[in-house]
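Structural overview
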Amino acid sequence: MASITAGTILSWCDHRMLGFLLRRLPFWVREPLLIVVGSVLGARLIYLALHDEEWVPAGIGVAFLVFTVVRVHLVVRALRARGNPGPAAAEGGPVSEAAAQPQPQPQPQAPAGQRPTPAAAEKEPNAWGQAAAAVALFAAIGAVLWLEPELLPSQDAGTPQAAAASCASTEEEELPSAYRRTAPRAVTGDELCEALNRSGLATLLGTPAERATSASGTSGTAPLTDGKVAQPEAQVRFDTYTVHVSATYNELSIAQYVKLMEFGDETGIRTLSVHGRPAVLFSDHTMKIEIDLGSGGSGGPVEEGPLARTLSVALDGGDRGGFFDITVWSASGALPEDSALLGIAGSILPVIAERTA
């Protein structure tokens with residue numbers, strides 16, 4: 001014998017209760033309700049089917065719309081019968097509520113000399129008012145159902161959304177003297193991190209559902225400069241990509257930088273202009289360094305890491321020296337489109353210009 005679970009019984013009871021409530025509603029409330037719900041669900045299913053290229057929801061949506069057309073036809077016939085009950089009844093159409101009511105019996109004649117007392121007129125319900133109220137109420141419900149995917153997060157219920165990583169502040173540390181000597185003022189690592197770690201960064205990378213797992217910024221100096229060149233850095237890590245941004249306040253221009261690339265291992269070199277500043281795009285491999293913090297104190301050899309894509313932009317439009325580097329890489333070796341790096345540059349350069357003005 002097939003077993004019946006408690007969930008099956010509850011579902012069957014819920015459907016019976018819903019059908020009972022619908023049958024108990026007045027005609028001029030029930031039919032507009034079914035029309036609104038059927039049209040909203042049908043249109044929504046067809047929209048989702050076209051968006052996701054799935055035809056089963058489209059068929060269900062068409063069925064809802066056909067059901068809605070039938071209900072509209074019934075309401076139109078009922079309205080015609082209410083306005084002209086005689087012909088409608090003769091043609092076999094739906095009989096209005098007023099026509100369906102029993103006719104009043106003839107009243108006995110009043111004695112001579114007395115005026116007949118008029119019978120109290122029964123006030124019929126306003127069909128148009130009921131229909132308008134029902135449509136307004138369930139149109140609001142339909143709007144909520146329609147906008148639910150845009151208003152609510154697309155996560156499973158009960159799964160908390162992880163908060164994005166925040167930049168670790170280093171403002172209490174004293175900045176190197178190179179930052180005070182730089183004119184205009186050099187941006188700090190904290191400012192670079194705050195400009196980079198924004199909510200739209202994952203969208204620019206083509207992974208809008210991801211959240212930053214770590215974010216940091218440092219206010220250091222360029223190597224081999226004896227601490228005389230400010231070089232702040234910031235890095236934001238996602239599950240797929242890692243984004244690294246640095247600013248080097250030296251006298252090397254982008255034009256000179258491009259000439260140096262001709263003697264290096266960089267590939268995919270492409271010169272362009274970003275926000276009116278000279279810039280260059282190129283690819284190069286990262287370096288993989290393993291450090292053993294155990295008792296032995298030894299590490300592995302320096303190895304070639306995954307390929308990275310870098311956009312270098314001059315600090316100013318005149319290309320008088322100094323540049324920003326925006327580098328993106330992934331452990332798998334996959335790289336985003338160049339438009340992602342251009343979008344990152346477009347989002348952080350105005351913020352940095354405001355903070356260093």
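Worth saying up front: this structure is predicted, and the values here are computed from it rather than measured.

Moving on, we get to the pattern of salt bridges. Per the stated rule, a full pass over the model turns up 4 salt bridges. Where Asp-338 meets Arg-270, a salt bridge forms, and the shortest distance between an N and an O atom there is 3.4 Å. In this pair, Asp-338 sits in helix α11 (residues 338-356) while Arg-270 sits in strand β4 (residues 267-274), placing the two residues 68 residues apart along the sequence. Among the ionic pairs, Arg-309 bridges to Asp-338, the shortest N-O distance being 3.0 Å. Residue Arg-309 is located in strand β6 (residues 303-314), and its partner Asp-338 is located in helix α11; the two are separated by 29 residues in the primary sequence. You can call Arg-309 buried: its relative accessible area is 9%. Among the ionic contacts, a cluster of salt bridges with common partners joins Arg-270, Arg-309 and Asp-338.

Attention shifts here to helix α10 (residues 254-261). Those residues of α10 lying buried are Ile-254, Tyr-257, Val-258 and Met-261. Taken around the axis of α10, the buried residues stretch over an arc of 100°, which confines them to a single face. Opposite the buried face of α10, by more than 90 degrees, sit the exposed residues Lys-259 and Leu-260.

What follows covers the packing of aromatic side chains. Under the counting rule described, the total for this entry stands at 2 aromatic pairs. Taken together, a centroid distance of 6.0 Å and an interplanar angle of 70° make the contact between Tyr-257 and Phe-282 edge-to-face. Note that Tyr-257 is positioned in helix α10 and Phe-282 in strand β5 (residues 277-288), a separation of 25 residues in sequence. Each member of the pair, Tyr-257 together with Phe-282, is buried.

Take the state of the cysteines next. On inspection of all chains with the given rule, the structure shows 1 disulfide. There is a disulfide in this structure between Cys-167 and Cys-193, and the S-S distance comes to 2.0 Å. Linking Cys-167 and Cys-193, the disulfide has an S-S dihedral of approximately -90° and is accordingly described as left-handed. With Cys-167 in the loop between α6 (127-151) and α7 (177-181) and Cys-193 in helix α8 (residues 189-196), the pair connects residues that are 26 residues apart, well separated along the chain. Residue Cys-193 is classed as buried on the basis of its relative accessible area of 0%.

The rules behind the values
- Residues numbered from 1 in each chain as written.
- Predicted model: local features only at pLDDT ≥ 70, side-chain atom pairs only at ≥ 80, totals over all residues.
- Heavy atoms only, no water.
- Salt bridge = Lys/Arg side-chain N within 4 Å of Asp/Glu carboxyl O.
- Helix = DSSP H or I, 4+ residues; strand = E, 2+ residues; numbered from the N terminus.
- Buried < 20%, exposed > 50% of the residue type's maximum accessible area, 1.4 Å probe, protein only.
- Arc of directions from axis to C-beta.
- Phe/Tyr/Trp six-rings, centres within 6.5 Å; stacked < 30°, edge-to-face > 60°.
- Disulfide = S-S within 2.5 Å.

Function cannot be inferred from these measures alone, as they are strictly geometric.
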